[in-house]
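# Results of the structural survey
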Amino acid sequence: MSKDNFVESTETLKKTVPLMIKHKVPTTPTNYALWYTYATQQYPELNLALDKHIDAVGHCTPTMCEQLYQEHLASQTDKDMTQLKQSLTAMMQELSHSMTDTLSETETFQGALDNTFAKLESAEKEGLSITDTMVLVRELIKESSQIRLSTGSLKNQLTNAQDEIMALREALSESQKAANEDAVTKLLNRRAFERDILGYQRNNIPYSLIILDIDKFKNFNDTYGHLLGDQVLKIVANRLNAFCQDNAQAYRFGGEEFIIILPGKMLASARHQAETLRRSIEKISVLDKKSGQRINSVTASFGVAERQVKESYEEVIERADSYLNKAKQLGRNRVLPLN
């Protein structure tokens, strides 16, 4: 590294660390790479997206940091280097075994070749018959056919290795996504929620939570089957995604329960949005392909809570969940508190 590059890197480092401290960003390799690049201002689109998110939410959530890293910095080969190395190691072990086998057979062939040539030299000296000579030639042809099969097999494995690596890279890209995504609804999962909500807590950013639970979902599954139940989950998830504006984020919390973070929203606003979402869900109509019956009985109950000063996120969830349980006790398909 030249002296100028070293000085430039040092200056960038001096900008990066305070930025991460300011926004309380965990000092993981991925986050450091993201914020170091941000400090260099090499990618205007990255800086714009990060600034926009921080202006709207007040900090960079862990899932947003990962998303921005994947979109702007990560290459296909480094999205999950640990798994990639493990997979490549396994593949190289297989190739190594094939090469060992091939080398072993090559040595055998070399021995057979030396032996045959020695016999041919003897044939010339001792005057072997043409029949005896042809026997030696046939043995040589047999050995050469075997080594050709062995080397051909290795060549095919090496040729296919590139295709396997490409497939691994694509699979690893999907696995990175799957770490934060619910498989059925494609919403962010509970793991992602817990990481994001801790970011709001660390940065002391005000927020409200909406917790909703699909009413009588077990009975629905028992009556119509799990496939139709999954279809309902997906439709509800789509409604949640369409609902999430102004940096609100929806997550599948578990089973038929969902949770939404609304940054900077007070209780009255969050409750109003929950009521809008409740009305949207009760309009859902699903066709049961087995019976041809159309089901119009999908509803959900809601609990809403606004984070108070110095309150933990567990306390906010507990309060929202208590309102959700009361809503179910009062007949379901409603939002609590009332005001």
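Values in this document were obtained by computation on a predicted structure and should not be read as measured data.

### Points about the overall build of the chain
Scanning the chain from N- to C-terminus turns up 11 helices and 7 strands. By sequence separation, contacts in the chain at least 24 residues apart represent 65% of the contacts at least 6 residues apart. Total accessible area on the chain stands at roughly 19,900 Å², and carbon and sulfur atoms take up 52% of it.

### As for the pattern of salt bridges
Per the stated rule, a full pass over the model turns up 11 salt bridges. Notably, a salt bridge pairs Asp 213 with Lys 328, separated by 3.1 Å at the nearest N-O pair. Residue Asp 213 is found in strand E1 (residues 207–214), and its partner Lys 328 is found in helix H11 (residues 313–329); the two are separated by 115 residues along the sequence. Here Asp 213 falls in the buried class, since its relative accessible area comes to 11%. With a shortest N-O distance of 3.1 Å, Arg 279 and Glu 275 are connected by a salt bridge. In this pair, Arg 279 and Glu 275 both sit in helix H10 (residues 267–281), 4 residues apart, roughly one turn of the helix. The exposure class assigned to Arg 279 is partly exposed, which follows from its relative accessible area of 48%.

### Brief notes about the packing of helix H3 (residues 44–57) against helix H4 (residues 62–72)
Put simply, H3 and H4 touch, their axes get as near as 11 Å, and they point 165° apart. The orientation of H3 relative to H4 falls into the category roughly antiparallel. For the element pair H3 and H4, the recorded crossing hand is right-handed. On H4, the residues that touch Glu 45, Leu 46, Ala 49, Leu 50 and His 53 of H3 are Met 64, Leu 68 and His 72. Considered class by class, the residues forming the contact of H3 with H4 number 5 nonpolar, 2 polar and 1 charged.

### Some remarks on the side chain of Asn 31
Mapped onto the elements, Asn 31 comes out in helix H2 (residues 29–40). By relative accessible area, which is 9% here, Asn 31 ends up buried. A polar side-chain atom of Asn 31 sits 2.9 Å from the main-chain carbonyl oxygen of Pro 26. Not counting the four nearest positions on each side in its chain, Asn 31 is found in contact with Met 20, Val 25, Pro 26 and Cys 65.

### Digging into the sheet that holds strand E2 (residues 249–254)
An order of E2-E3-E1-E6-E7 is seen for the 5 strands of this open sheet, with the pairing classed as mixed. Each end of this open sheet is capped by a strand with a single partner; those strands are E2 and strand E7 (335–336). Inspection of the sheet shows strand E6 (residues 300–306) paired to E7 by 2 bridges, in the parallel sense. Note that in E7 the partner of Phe 302 across the bridge is Val 335. On the sheet, helix H9 (residues 226–243) packs against E1, E2 and strand E3 (257–263) and is oriented at approximately 160° with respect to E1. Along the sheet face, H10 touches E1, E3, E6 and E7 and points at about 170° away from the line of E6.

### Some thoughts on a nonpolar patch on the surface
Taken together, the side chains of Leu 13, Val 17, Ile 21 and Tyr 32 define a hydrophobic patch exposed on the protein surface, amounting to about 350 Å² of accessible area. Among the elements that make up the nonpolar patch, the one with the highest residue count is helix H1 (residues 3–22) (3 residues). Tracing the backbone through its elements, the reader meets Leu 13 in helix H1. On the basis of relative accessibility, which here comes to 37%, the residue Leu 13 falls in the partly exposed class.

### Quick word on the confidence of the model for the chain
The predicted structure's coordinates, where accompanied by low pLDDT, should not be read in detail. Confidence along the chain averages 78 in pLDDT terms, with 68% of residues attaining 70 or more. For the chain, helix H5 (residues 81–126) is the element with the lowest average pLDDT, namely 55, and E6 is the one with the highest, namely 97.

Cut-offs used in this document
Residues numbered from 1 in each chain as written. Predicted model: local features only at pLDDT ≥ 70, side-chain atom pairs only at ≥ 80, totals over all residues. Heavy atoms only, no water. Helix = DSSP H or I, 4+ residues; strand = E, 2+ residues; numbered from the N terminus. Contact = heavy atoms within 4.5 Å. Areas by Shrake-Rupley, 256 points an atom, 1.4 Å probe, with all protein chains shown as cover. Salt bridge = Lys/Arg side-chain N within 4 Å of Asp/Glu carboxyl O. Buried < 20%, exposed > 50% of the residue type's maximum accessible area, 1.4 Å probe, protein only. Axes fitted to C-alpha atoms, helices over the stretch in contact; angles between N-to-C directions. Parallel < 35°, antiparallel > 145°, perpendicular 65-115°, else oblique. Left-handed = near helix turned anticlockwise from the far one by under 90°. Nonpolar A, V, L, I, M, F, W, Y, C, P; charged D, E, K, R; others polar. Polar contact = N/O pair within 3.5 Å; in protein donor to acceptor, adjacent residues only side chain to side chain. Pairing = 2+ DSSP bridges. Patch = residues over 30% accessible without salt bridge, like charges linked within 9 Å, V, L, I, M, F, W, Y side chains within 5 Å. pLDDT = per-residue confidence, 0-100.

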